[in-house]
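# Architecture at a glance
Listed below, chain by chain, are the residues.
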Amino acid sequence: MTTFQEQDAAAVTKTSAAGPGRSPALEFASAWDYAPAPETTKVEIADSHGHYIGGTFVGAAKGGTLDTLNPANEQKLSTFARGTVADIDAAVNAAREAQPKWAALPAKERGKYLFRIARRLQERAREFAILETMDNGKPIKESRDVDIPLVAAHFFYHAGWCDKLKYAFGGAEPTPVGVCGQIIPWNFPLLMAAWKLAPALACGNTCVLKPAETTPLTALRLGEIFDEIGLPPGVVNIVTGDGEAGSALVEHAGVDKVAFTGSTEVGKKIARAVAGTGKKLTLELGGKSPNIIFDDASIDQAVEGIVSGIYFNQGHVCCAGSRLFVQEGVADEVIAKLKIRLQSLRVGDPLDKNTDVGAINSRPQLETIAKYFDIARDEGLDVFESSCELPSIGYWCKPSFFTGVQASHTVAREEIFGPVLAVLTFRTPEEAITRANNSPYGLAAGVWTDKGSKIFEIAGQLKAGIVWLNTYNRFDPASPFGGYKESGFGREGGMQGLRGYVKLGGDR
Amino acid sequence: MAASPTVFQAVNSPTINRVSADARAASFTTRSIKTTAKDAGLRLALSMVDLTTLEGKDSPEKVRSLCAKARRPMPDDERVLGERLPSVAAVCVYPSMVPVAAEALGGSGINVASVATGFPSGQYPLDVRLRDTAKAIADGADEIDMVINRGAFLSGKYGIVAEEIAEVTAVCAQGGPGGREVHLKVILETGELETYDNVRRASDLAIAQIRDGDFIKTSTGKVSPAATMGVTLVMLEAIRDAWLRDGKRIGMKPAGGIRTAKQSLHYLAMVKETLGDAWLSPDWFRFGASSLADDILRQIVRRKTGRYTAGYDFGVA
């Protein structure tokens, strides 16, 4: 196996590449640079947005408003209502009222509504992609090629389940849970809405959705689609706001099921609040997922897997492969190649079609990431950063990784939720498994090897809800997603994901 | 440079995950290359074309026509575009046409490339293939596009493949009359190698035998599939690794199947993001193509005038 001398960071970027005799390096400056290629389609955004309750957009009861910014330029995009207990109450009541009729619809009729939502989303895909990118900061190529297509795929997939539910549970006749309170994060705003709404609606439930306070716009625009396709009023209600609306939703007596995706800290609070109330609960929380590269892996493709594992969506991914374990014999080569690869990652305007890494979603998140850089430096870790230039306004973080990391270092234990990777090494497969499982989390894992038998041997021993083999961060509505341990419980997507939205004979 | 005496030489090349490699290659097709980047990219791509004719019915007149086009791809460029477009990098012909091409290109700085070594199959005795090469060089070829012995490669006799490449390299290293430098391009014929593991292994094997400034090349154009983005990526990565490991610098030539200007820009994006700035030059990257140049010209004219030209607006070659 080829071994590379780990290259000095400066040599990778600064030395001019040329013939023999000079230091071998690669230069990615600008001999032929891509011209700006901004997405130019204009998307209208109203100055203010209200909640979507009972099929109409209404103002806040008395909670006032909040602003949502474009994190790439810190410009205000719009104001939206700050939901209160009263707003949640109205939304839950609307959902309660709508639920029996929705559940009583012939299953294939429910399926038609979901199909229509999916079709309309596809028709308006570009608008949604642009809006998502403006509100969230993620690159347009991801919102266009990943987020929005997956959103439509989730509705299509669950549309198909509506009239086949009784085949999903071994003959047990499923009945709806009732009203679902669903709280979603800011990293995949519309996709998380789809993950929550599609299975709930397919199973005959009605919903109150609470989008994240930094990214409410695409969920609200989904409300427009519900109007367009004639979804019965009250079947989906959307209440925007901050933690106050979230807690009111969790605590509301009219809610039968709570589904939450977000931080482990908030997830624990929700679990405490729901305990003893009889409400069903599914939680999809944080992660510190291991991405394990064996020395018999296809190295160049594994490096791509590292990149899609941690730099996809600025690392704002709960299942991000944020702990990289590389087998000793190939560690120098992998690190050298990762450094080179980072130089060709394009960071900047999220609306530019050639941008690979966009803006950090909010100032608080940027501060959290910065805090971990400080901690890592205090703990004596080496950091390698992309040499890219960052825009002067907006929230930005260079794609980076720490080397020399040990399992005890903070950046190897805590979720950073940014484009920041901890690189660790291992010598034997057993060591890799032990160290990979040594985490309070258990959401995802990646395994890279060219050897089929090893893939299954290792995957079976990893304590993670999702194990990707020779790939990373691949999603499909038919594949269940969810965690072990402090990464939560319950599954979303696939046949298994339906279980959180139905009652079977033995359920209360 | 010396080949291993062992017939069954071990070649310790990395494995390639085809699905991931193809996904990475496809990612370059979503790069948006607009305005100034497109203008510069089209001119760069034009300068990298090896204008090719490799048919049994090739005539001296057709080769002369091709050479005229190579010198001046668009004779009325200054009138229509207000600029002089670059010449292409080389004209690629069969050995029998080398004297014609050499005469027609004399003094232009455009290289005469000759396929040799029993192109396209290579199914000839080694001494015949070496004489084929020497004759092409003597007749004026600046570049030799050789084919590897796929029969030996696919039966695992890597030592034989390596040895033969080394012998052709040695012939090229002697240079042409008057001390003319002769570069070698090693055609792997990836369409016959089938797997990316084989493509990588053959790339490593060839790179080990050839000299700085020589090329590896995907295809003869006579076998389908010819060049693909995925195969080219695997070969570019082999070139990158040789550079980083040994400081040996090798060029790359995808050939066959690249017909549109847009495709050529996607390839350039892949070169840019895999090997960086230094390979964005005709000295280090070529397109083996017969119809690509016309589509590049069509796009250049469209960018300048806003109008699409007809097929007959550029002289066929």
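Residues numbered from 1 in each chain as written. Chains lettered and ligands numbered in written order. Predicted model: local features only at pLDDT ≥ 70, side-chain atom pairs only at ≥ 80, totals over all residues. Heavy atoms only, no water.

### Considerations on the overall build of chain B
Going by this rule: Put simply, DSSP marks the helices as runs of H or I at least four residues long and the strands as runs of E at least two long, and each gets a number from the N terminus on. The quantity called the radius of gyration is restricted to C-alpha atoms. Its globule counterpart is 2.2 Å times the number of residues to the power 0.38. A 1.4 Å probe rolled over the protein chains alone gives each residue an accessible area, and that area as a share of the maximum for its type sets the label: buried under 20%, exposed over 50%, partly exposed in between. Contacts are assigned to residue pairs that have any heavy atoms within 4.5 Å of one another.
For chain B, the count of helices and strands is 13 helices and eight strands. The C-alpha atoms of chain B give a radius of gyration of 19 Å, which matches the 20 Å a tight globule of 317 residues would have. Counting only C-alpha atoms and orienting by the principal axes, one finds that chain B spans roughly 60 × 45 × 30 Å. Burial analysis of chain B (317 residues in total) assigns 60% to the buried set. If you take every contact in chain B between residues at least 6 apart in sequence, the share linking residues at least 24 apart comes to 77%.

### Quick word on the packing of aromatic side chains
All names here are of chain A. The criterion, for reference: Centres within 6.5 Å make a pair out of two Phe, Tyr or Trp rings, where for Trp the six-membered ring is used; the pair is then stacked when the planes are under 30 degrees apart, edge-to-face when over 60, and tilted otherwise. Comment: the charge-over-ring label is applied if NZ (Lys) or CZ (Arg) is within 6 Å of the ring centre and within 35 degrees of the ring normal.
Scanning the entire structure with this criterion turns up 22 aromatic pairs over all chains. Ring centres 4.9 Å apart and planes at 65° place the aromatic pair Trp195 and Phe481 in the edge-to-face group. With Trp195 in helix α6 (residues 189-202) and Phe481 in the loop between β19 (466-469) and β20 (484-485), this residue pair connects regions lying 286 residues apart in the sequence. With centroids separated by 5.8 Å and ring planes inclined at 90°, the aromatic side chains of Trp468 and Phe475 adopt a geometry described as edge-to-face. An aromatic cluster is built from Trp195, Trp468, Tyr472, Phe475 and Phe481, whose rings are joined through pairwise contacts. Note that Arg116 overlies the ring of Tyr113, its terminal NZ or CZ placed 5.0 Å from the centroid.

### Examining the interface of chain A and chain B
How we decide: Throughout, the accessible surface (probe 1.4 Å) given up by two parts as they are put together, summed over both, is called the buried area. What makes a salt bridge here is a side-chain nitrogen of Lys or Arg within 4 Å of a carboxyl oxygen of Asp or Glu, nothing more. Pairs of N or O atoms are called polar contacts if they sit within 3.5 Å, as long as, within protein, a hydrogen donor faces a hydrogen acceptor (for residues adjacent in sequence, only side-chain-to-side-chain pairs).
Listed by partner, the interface residues are 41 residues for chain A and 39 residues for chain B. Counting each side, the surface lost to burial between chain A and chain B is near 3400 Å², with a carbon and sulfur contribution of 54%. At the junction of chain A and chain B, the tally comes to six salt bridges. Between Arg24 of chain B and Glu304 of chain A there is a salt bridge, with its nearest N and O atoms 3.3 Å apart. For the pair chain A and chain B, the interface holds 15 residue pairs in polar contact (both at pLDDT 80 or more). If you list the elements that add at least two residues to the side of chain A that touches chain B, you get α5 (140-161), α10 (299-310) and α11 (328-343) of chain A.

### Here we look at the pairing of strand β1 (residues 49-52) of chain B
Residue and element names in this part refer to chain B. Threshold: A pair of strands is treated as paired once DSSP finds two or more bridges between them.
Both faces of β1 are covered, namely the face carrying Val49 and Leu51 and the face carrying Asp50 and Thr52. Here β1 pairs with strand β8 (residues 287-289) via three bridges, running parallel. The partner of Leu51 across the bridge, within β8, is Ala289. Pairing geometry for β1 and strand β2 (residues 90-93), over three bridges, is parallel.

### A short note on the environment of Tyr167 of chain A
Residues and elements named next belong to chain A. Residue placement: Tyr167 occurs in the loop between α5 and β6 (175-176). Since its relative accessible area comes to 60%, Tyr167 is described here as exposed. Considering only alpha carbons, one finds Tyr167 and Met495, 328 residues apart in sequence, at a separation of 9.8 Å.

### Here's the deal with the sheet that holds strand β4 (residues 65-70) of chain A
All names here are of chain A. The following threshold applies: Fitting a line to C-alpha atoms yields each axis, with helices limited to the stretch in contact; the angle taken between N-to-C directions then spans 0 to 180 degrees.
Spatial strand order, β1-β5-β4: three strands in an open sheet with mixed pairing. Two strands in the sheet have a free side with no partner beyond their single neighbour: β1 (48-49) and β4. Where β4 and strand β5 (residues 75-81) come together, six bridges link them in antiparallel fashion. From the neighbouring strand, Thr68 faces β5, where its bridge partner is Ser78. Its contacts with the sheet put helix α4 (residues 125-136) on β4 and β5, and the angle it makes with β4 is roughly 100°.

### So, the domain arrangement of chain A
Residue and element names in this part refer to chain A. Short version of the rule: Residue ranges assigned to the domains are those given by an automatic or database domain assignment. Residue classes follow a fixed rule: Ala, Val, Leu, Ile, Met, Phe, Trp, Tyr, Cys and Pro count as nonpolar, while Asp, Glu, Lys and Arg count as charged, and any other residue, Gly among them, counts as polar.
If you check the domain split of chain A, you get domain 1 (48-285 + 487-503) and domain 2 (287-477). Computed over C-alpha atoms only, the centres of domain 1 and domain 2 are separated by 29 Å. Counting residues at the interface gives 35 residues for domain 1 and 34 residues for domain 2. Interface of domain 1 and domain 2: buried area, both sides summed, is about 2800 Å²; carbon and sulfur atoms make up 59% of it. Interface area lost by domain 1 to domain 2 is led by Glu74, Trp186 and Ser487, which between them contribute 20%. Summed over the shared surface of domain 1 and domain 2, the number is two salt bridges. A salt bridge links Arg363 to Glu74; the nearest nitrogen and oxygen atoms lie 3.3 Å apart. Contributing elements (two or more residues each) for the side of domain 1 that touches domain 2: α4 and α5. With nine residues, the single largest contributor to the side of domain 1 that touches domain 2 is α5. In terms of residue class, the side of domain 1 that touches domain 2 is made up of 15 nonpolar, 12 polar and eight charged.

### Remarks on the packing of helix α11 (residues 229-246) of chain B against helix α12 (residues 261-274) of chain B
Residues and elements named next belong to chain B. To keep things clear, this is the line we draw: What sets the label is the angle itself: under 35 degrees gives roughly parallel, over 145 gives roughly antiparallel, 65 to 115 gives roughly perpendicular, and the rest give oblique. By definition, any crossing whose near helix is turned counterclockwise from its far helix by less than a right angle is left-handed, and any crossing with a clockwise turn is right-handed.
With their axes 10 Å apart at the nearest point, α11 and α12 run at an angle of 25° to one another. The pairing of α11 with α12 is recorded here as roughly parallel in orientation. Regarding α11 and α12, the two cross each other, and that crossing is right-handed. In contact with Met229, Thr232, Leu233, Leu236, Glu237 and Arg240 of α11, α12 contributes His266, Tyr267, Met270, Val271 and Thr274. In the contact of α11 with α12, the residues fall into six nonpolar, three polar and two charged.

### Let's talk about the pattern of salt bridges
Going through the model one piece at a time under the given rule, you end up with 60 salt bridges over all chains. Here Asp67 of chain A and Lys76 of chain A are joined by a salt bridge, their closest N and O atoms 3.9 Å apart. When the shortest N-O distance is used, the salt bridge between Arg286 of chain B and Glu143 of chain B registers 2.8 Å. You can see Arg286 of chain B sitting in the loop between α12 and β8 and its partner Glu143 of chain B sitting in strand β4 (residues 143-147), a full 143 residues away along the chain. According to the relative accessible area criterion, Glu143 of chain B is buried, its value standing at 2%.

### Let's talk about helix α3 (residues 107-123) of chain A
Residues and elements named next belong to chain A. Heads up, the rule is: In this scheme, a helix's expected span is set at 1.5 Å multiplied by one less than its residue total. The arc in question is traced by the directions running from the helix axis to the C-beta atoms.
Taking 1.5 Å per residue, 17 residues should reach 24 Å; α3 reaches 25 Å between its end C-alpha atoms and fits that length. The complete set of buried residues in α3 reads Arg110, Gly111, Tyr113, Leu114, Ile117, Ala118 and Leu121. Axial view of α3: buried residues confined to an arc of 155°, hence all on one face. Structural note: α3 exposes Lys108 and Glu123 on the side pointing more than 90 degrees away from its buried face. Taken together, the buried residues of α3 touch α2 (85-104), α4, α5, α6 and α7 (217-228).

### Focus: the pairing of β4 of chain B
All names here are of chain B. Quick reminder of the rule: Orient the strands so they point away from the viewer, and a crossover whose first-strand-to-second-strand path over the helix runs clockwise is right-handed.
Counting buried positions along β4 yields five of five residues, so the element is predominantly enclosed. Where burial is concerned, the two faces of β4 agree: the one with Glu143, Asp145 and Val147 and the one with Ile144 and Met146 are both buried. In terms of strand pairing, strand β3 (residues 111-115) meets β4 through three bridges, oriented parallel. Residue pairing across strands places Ala113 opposite Glu143, the latter belonging to β4. On the question of chirality, the crossover connecting β3 to the parallel β4 by way of helix α6 (residues 126-138) is right-handed. Across five bridges, the pairing between β4 and strand β5 (residues 183-187) is parallel. Residue pairing in the sheet places Val147 in a bridge with Ile187 of β5.

### A closer look at the environment of Gly230 of chain A
Relative to the assigned elements, Gly230 of chain A resides in the loop between α7 and β9 (236-238). Sequence spacing of Gly230 of chain A and Ile360 of chain A is 130 residues, and the spatial spacing of their C-alpha atoms is 36 Å.

### Observations concerning the state of the cysteines
Residue and element names in this part refer to chain A. Where we set the bar: Any pair of cysteine sulfurs within 2.5 Å is marked as a disulfide.
The final tally for this structure, using the stated rule, is zero disulfides over all chains. Here Cys318 is not disulfide-linked; the sulfur of Cys319 is the nearest cysteine sulfur, at 4.8 Å. Not engaged in a disulfide, the cysteine Cys388 finds its nearest cysteine sulfur in Cys397; these two sulfurs lie 9.0 Å apart. On the basis of relative accessible area, Cys388 is assigned to the buried category, the value being 14%.

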